[in-house]
Each structure stands twice: as C-alpha cells, then as structure tokens.
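# Geometric and topological summary
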Amino acid sequence: MESYESLLATIVPSGGETRDVFDPATGELIGKAPVQDVADLEAAIDRAEAAQVSWAALGDDERIAYLHKAADAIEASSEALAELLSREQGKPLNGPNARFEVGGCVAWTRTAADTPLPVEVIIDDESGYAEMHYRPLGVVGAISPWNWPMMISIWQIAPSLRMGNTVVIKPAETTTLSVLALVTVMNQVLPEGVLNIVTGPGRTVGDALTRSPKISKIMFTGSTPVGKRIIEASANNVTRLTLELGGNDAGIVLPDVDPAAIAEGLFWGAFINTGQTCAALKRLYVHDSVYDQVVEELAKFAANVPMGVGLEEQNVLGPLQNRAQYELVDRLVESAKASGARVVLGGDPDHDAVGNFYPTTLVADIDPHNDLVVEEQFGPALPIIRYADLDEVVKLANELEFGLGASVWSNDREQAKQIAARLQAGTVWINSHGGLHPMVPFGGAKQSGYGREFGVEGLKAVAEPQVVSG
Ligand code: NAD
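Residues numbered from 1 in each chain as written. Predicted model: local features only at pLDDT ≥ 70, side-chain atom pairs only at ≥ 80, totals over all residues. Heavy atoms only, no water.

## A look at the environment of E264
In plain terms, the rule: Runs of H or I in DSSP of at least four residues are treated as helices and runs of E of at least two as strands, each being numbered from the N terminus.
Inspection of the secondary structure assignment puts E264 in helix α10 (residues 259-271). Sequence spacing of E264 and K300 is 36 residues, and the spatial spacing of their C-alpha atoms is 9.8 Å.

Next comes the structure, spelled out in structure tokens:
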C-alpha cells in the first residue's frame, strides 16, 4: 500500500521557493510546500483556459466518466491521503476526521458526476417555446480554507468540472500539501490542464486570482473579511461568486428534551474536527428547566472523548491546525473566565506542551454577549447560555451577522419546525447539527455568504443559464 511519504515525494516540484510544514500535533517537520507567485498563477490560468474548450466539447457523458475515474483514483490512494491530511491538518485518522474527509471527497465527486441536469423546457404552448440550458462558464477559480482542505476543495472542483469548466485552485497556506496531493492523484486520470493548482499567499496569489479577467467564477470558502474583499474584486469583471463564509451557529435546546439522549449529538455538533468547522454548533442555548442536566450530561460525554496525535488510532479529537487559531481560542476562553463564567470542563491548556492541543472546554453560565459567544471561536470551546423565554432566545440566535446553520433540539418536531422558520440561517437541523449530504443544498444566510453548493443547485451555480427560445 502507498504510504503518505511516497505520495508526498511525488507532489512537490523540484526547485522554487518552499515553506517548511510542521505536524501541528508533534511539531515534527513533515515536508516542504511550494510557495508560488502571481507569474505561476498566470501560467496556470493560461493552461486552464487552453484546456477548457476541448473539455467542454467532450460532452457530459465523457466528463461524468472522467469524474468517476478521479473518484476511483482518490479511493485507491485514500489511506495515504488520509495520513498526509492528518499530519498536515492535525485531524485524527478516525472519528469524523481524516478518513471520513477522504471518503467524503469520493462521495461528493461521484454525486457531482451522477446528478442529472437535463435541458429544462420552460414553456411549450401557444404562447411560445423556451428551454433552459446550463452552459460552461469557462475557468473557475477556487479558493479553499484549512479546516477541511480536501473536502471543501472537492466541493469546488467536482461540480465545476462536471459542468464543462476547467479549474485553478489555490489552497490555504497552512494546508497546501493536502490539496496538492489530492489534485496530483486526480490528475493521474484527468486530461492535462483541466485541473490546476497554484500555491502561495492569499493576499497576493489569491487576490490576483479573484481579479483576473480570465476567471469567470470564484468559488470561495473562508472568512467573512476575505469574502468581502473578494466581492469588491469581483466588480472589475462582474465575476460570478459563490461565497461560503464564517459561521457562529446557535443551537437551541427546548424544555422537553431528554438530556442524556441528546448529549452525544450536541457534542459532535460542536466538536467535530475539534471545533474547526464552519457549520459547527458554536453557541448552545439551553432552557433553564433542563440546563443543569444538559450541562452535566454533555460534560460526562465530553470528558471521555480522546484527544491526541492524529495517527494514533484511538484519538478522535486533535490539535488546532495552527498556533494563531490556538491563541484565538485561548483568548476567548480567558475572556469568558474573566467575566465570571463557569468552566465546567477544560479551559486549562498546557502552553508549554508540544503541539497545538487545546483541551475540550465547556463554559456554562456565560453572558450571552461575552466574546466567546459572539465571536467565531473555531475551536474546542463551547459556551452554554441559559435562557427562559423562547422569543428572547430566537432574538439572541438571530442577532449576529452570521447565518450559516442553526439547530433546534426537541421531541416536538412541529414546534421545532416553527422555530426553524424564525431562524436566520441557511440550514436548520432538528435534533442534530452540521450533517451534510451531497444532494442537499448548503450555504449561508446574511454575512455567512451567498450561493448554494451541492446537488442540482450546486451544478447550476457553476454554469451559465442560457435560454434557447423559438
Ligand atoms: P481565510 O479567509 O483566512 O482564508 C481562506 C482562503 O482565502 C485561503 O486559501 C487564503 O489563502 C485565501 N485568501 C486570503 N486572503 C485572500 C485575498 N485577499 N484574496 C483571495 N484569497 C485570499 O479563512 P481560513 O482561516 O482559511 O478558514 C477559516 C474560516 O473559513 C472560518 O471563518 C470558517 O467559518 C470559514 N469556513 C466557511 C465554510 C462554509 O462553508 N461557509 C467552510 C469552511 C470554513
């Protein structure tokens, strides 16, 4: 079986500037990532542009076949990809982490291939005839973040290729090797020039990608401040955008729940990928009548979930991917402590230990406007807020600029659905949080972005609708 070391040896081009890559769990040097510049970007865009005409001309059936071959190639290298992802990103092999992420890449690629998008007949009567086609846009620029680097890149790449576009992807600086490996594996089977990668800083290479007149659409997943910069850049060429931005999802627990029964779902809703997930549960509002029991059951469950080095099979929580994120989580928990909030679990990192490990942390009896509640913590620290009034908690859930996801926890499905209708979020889950499906549209409300990925909507988002009438 291929090892991640042998995969690594195939992906980094010889020569050129590189950056040392360290394992966030152990601090070990694991490899060198290329650092490219705007000239490399321009060459990649030219390659993508040159390949696009023949890729589009292949037709849907052939592109579908190529996507299946790409999925097969990912599957064949899945263990090496998962190990590399674990070493660079930090996430453990097991649990909803590295192996799960690589499996998701396969599933999303196959679904992007197999989802039908036939020509739609809009009218066909005495008033006239019109049909809707979905044409390729051209070259799609993809910019991905470091938390789910392979899977989010696939969400951008697979539908774009299916619809006859070629792609230039720029991964996050801190997870370059993971995406480079994924692209290298896919390029074992894809035609030359169809899928291109350029590494390098977001503020130069990423910025130039968003400003290029040769790019028809930007698929961006990352923070809201960078998303706003991309919106400004898109004005130059009226570049199409799908923006998956930050989130600070609320979960609302109603009085009728069984605290022991929901503890595991609450935990994974909040702590999946050690909290470094856009649509994780980041603010938990629990009704006063069940508050103490929910906190107790959650703490009981959380205390037994193993955190450690990703390659060790027993671990399902890992380190934070980078030191800046560790420091952000640390600052927010300290602000909660200083305000008098009650730390139920964790909150006591060993700053001198090797690796970016921040312990699983639950903070109870916290002010609803504390920084740990209103800022996106993006790490393993969950604030739990007590509430008494439903209207008040809906107001609190909706008062932030974010609107990615939300959840309602109750045995009364109808009441939960009524509350869902009042929440400003792209997805509202009932009795779970954060689960995604490749056929179910996903995206944000308010400053969590615009546009939807996945399923038929996701294919349409990377195509130019064209009416043929008469
Ligand atoms: P980030 O915005 O710092 O970086 C994202 C990407 O943008 C990176 O590849 C970076 O190099 C690039 N970039 C930076 N400056 C740029 C510029 N001026 N022009 C173009 N590209 C630029 O985000 P991050 O820290 O990597 O990721 C964490 C954030 O992403 C969190 O806010 C999280 O909620 C969000 N996120 C959202 C989703 C979603 O689906 N909505 C999914 C995952 C992560």
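## Some details on unusual backbone geometry
The phi torsion at N273 lies on the positive side, around 60°, for a residue other than glycine. Within the element layout of this structure, N273 appears in the loop between α10 and β11 (281-287). Despite not being glycine, N431 has its phi angle at roughly 60°, a positive value. Within the fold, N431 resides in the loop between β17 (427-430) and β18 (445-446).

## Some thoughts on the site of the ligand
Definition in use: Here a residue is near a molecule or strand as soon as one of its heavy atoms is found within 4 Å of it. Think of a polar contact as two N or O atoms within 3.5 Å of one another; within protein, one of them needs to be a possible hydrogen donor and the other a possible acceptor, and neighboring residues in sequence only count if both atoms come from side chains. Here the open area of atoms and residues is found with the Shrake-Rupley method and a 1.4 Å probe, where only the protein chains shown may cover a residue.
Near the ligand there are 30 residues, and of these S144, E173, S223, L245 and E376 occur at the shortest range. A distance of 2.8 Å separates an oxygen atom of the ligand from a polar atom in the backbone of S144. Contact between the ligand and E173: an oxygen atom at 2.7 Å from a side-chain N or O atom of the residue. Protein chains bury 90% of the 850 Å² of accessible surface belonging to the ligand in isolation.

## Quick notes on helix α3 (residues 60-76)
The test is simple: In this analysis, the expected span of each helix is defined as 1.5 Å times one less than the number of residues it contains. Any two residues whose heavy atoms approach within 4.5 Å are treated as being in contact.
In a regular helix each residue adds 1.5 Å, so 17 residues correspond to 24 Å; α3 covers 24 Å between its end C-alpha atoms and thus fits that length. Close packing links the buried residues of α3 with α2 (38-57), α4 (78-89), α5 (98-114), α6 (149-162) and α7 (176-186).

## As for the pattern of salt bridges
Keep this limit in mind: Salt bridge, as used here: a side-chain nitrogen of Lys or Arg that lies within 4 Å of a carboxyl oxygen of Asp or Glu. The cut-offs for exposure are 20% and 50% of the maximum accessible area for each residue type, with area from a 1.4 Å probe on protein chains only; residues under the lower value are buried, those over the upper are exposed, and the others partly exposed.
Following the criterion strictly, the structure yields 24 salt bridges and no others. Of the charged contacts in the structure, one is a salt bridge between E28 and R87, with a shortest N-O distance of 2.5 Å. With a gap of 59 residues between them, E28 in the loop between β1 (18-22) and β2 (29-34) and R87 in helix α4 connect regions that are remote in the sequence. E28 sits in the partly exposed class, given a relative accessible area of 41%. By relative accessible area, R87 is classed as buried at 11%. For the salt bridge of R110 with E75, the shortest nitrogen-to-oxygen distance reads 3.0 Å. Of the two residues, R110 sits in helix α5 while E75 sits in helix α3, which places them 35 residues apart along the sequence. Judged by its relative accessible area of 21%, R110 is partly exposed. Taking relative accessible area as the criterion, E75 reaches 42% and is therefore assigned partly exposed. The network of salt bridges with common partners includes D288, D292, R342, D365 and R386.

## A look at the domain arrangement of the protein chain
Accessible area lost upon the coming together of the parts serves often as the stated size of an interface. As a reminder of what qualifies: Domain borders in the structure are assigned automatically or taken from a domain database. In the scheme used here, Gly and all other residues not listed as nonpolar or charged are polar, with Ala, Val, Leu, Ile, Met, Phe, Trp, Tyr, Cys and Pro taken as nonpolar and Asp, Glu, Lys and Arg as charged.
When cut into domains, the protein chain gives domain 1 (4-245 + 445-469) and domain 2 (249-430). Domain 1 puts 31 residues into the contact, and the matching count from domain 2 is 33 residues. Inspection of the region where domain 1 meets domain 2 yields one salt bridge. As a salt-bridge pair, E313 and R99 come within 3.0 Å of each other at their nearest N and O atoms. For the pair domain 1 and domain 2, the interface holds 18 residue pairs in polar contact (both at pLDDT 80 or more). Take the side of domain 1 that touches domain 2: its biggest share by element is five residues, from α4. Class assignment of the residues belonging to the side of domain 1 that touches domain 2 gives a composition of nine nonpolar, 14 polar and eight charged.

## Focus: the nonpolar core
Under the convention used in this document: We define a nonpolar core as any set of buried Ala, Val, Leu, Ile, Met, Phe, Trp, Tyr and Cys residues linked to one another through side-chain atoms lying within 4.5 Å.
In this structure, I74 and M186 are the most contacted members of the largest nonpolar core, which totals 69 residues. Of the domains in this structure, domain 1 (4-245 + 445-469) and domain 2 (249-430) are the two that each give at least three residues to this core. Aside from chain neighbours lying at most four places away, what touches M186 is A70, I74, I154, I157 and L195.

## Some thoughts on the environment of P149
Along the chain, P149 turns up in helix α6. Relative accessible area serves as the criterion here: at 0%, P149 is assigned to the buried category. Along the primary structure P149 and A397 are separated by 248 residues, whereas in three dimensions their C-alpha atoms are 28 Å apart. Leaving out residues up to four positions away in the same chain, P149 has contacts with L85, Q89, E101, S144, T175, S178 and V179.

## What about the sheet that holds strand β14 (residues 381-387)?
Our working definition: Only strands joined by at least two bridges in the DSSP assignment are considered to pair. Axis lines are fitted through C-alpha atoms, for helices just across the contact stretch, and the angle between N-to-C directions can take any value from 0 to 180 degrees.
Within the open sheet, the seven strands sit side by side as β12-β13-β14-β11-β10-β16-β17. Their pairing is mixed. What marks the edges here is a single partner per strand, and that holds for β12 (342-345) and β17. Taken over all neighbouring pairs, the strand axes of this sheet differ in orientation by 25° on average, direction set aside. With four bridges connecting them, strand β10 (residues 249-253) and strand β16 (residues 405-409) associate as parallel partners. The residue of β16 that forms the bridge with G251 is S407. Contacts from helix α11 (residues 291-302) reach β10, β11, β12, β13 (361-364) and β14 within the one sheet, and its direction differs from that of β14 by about 165°.

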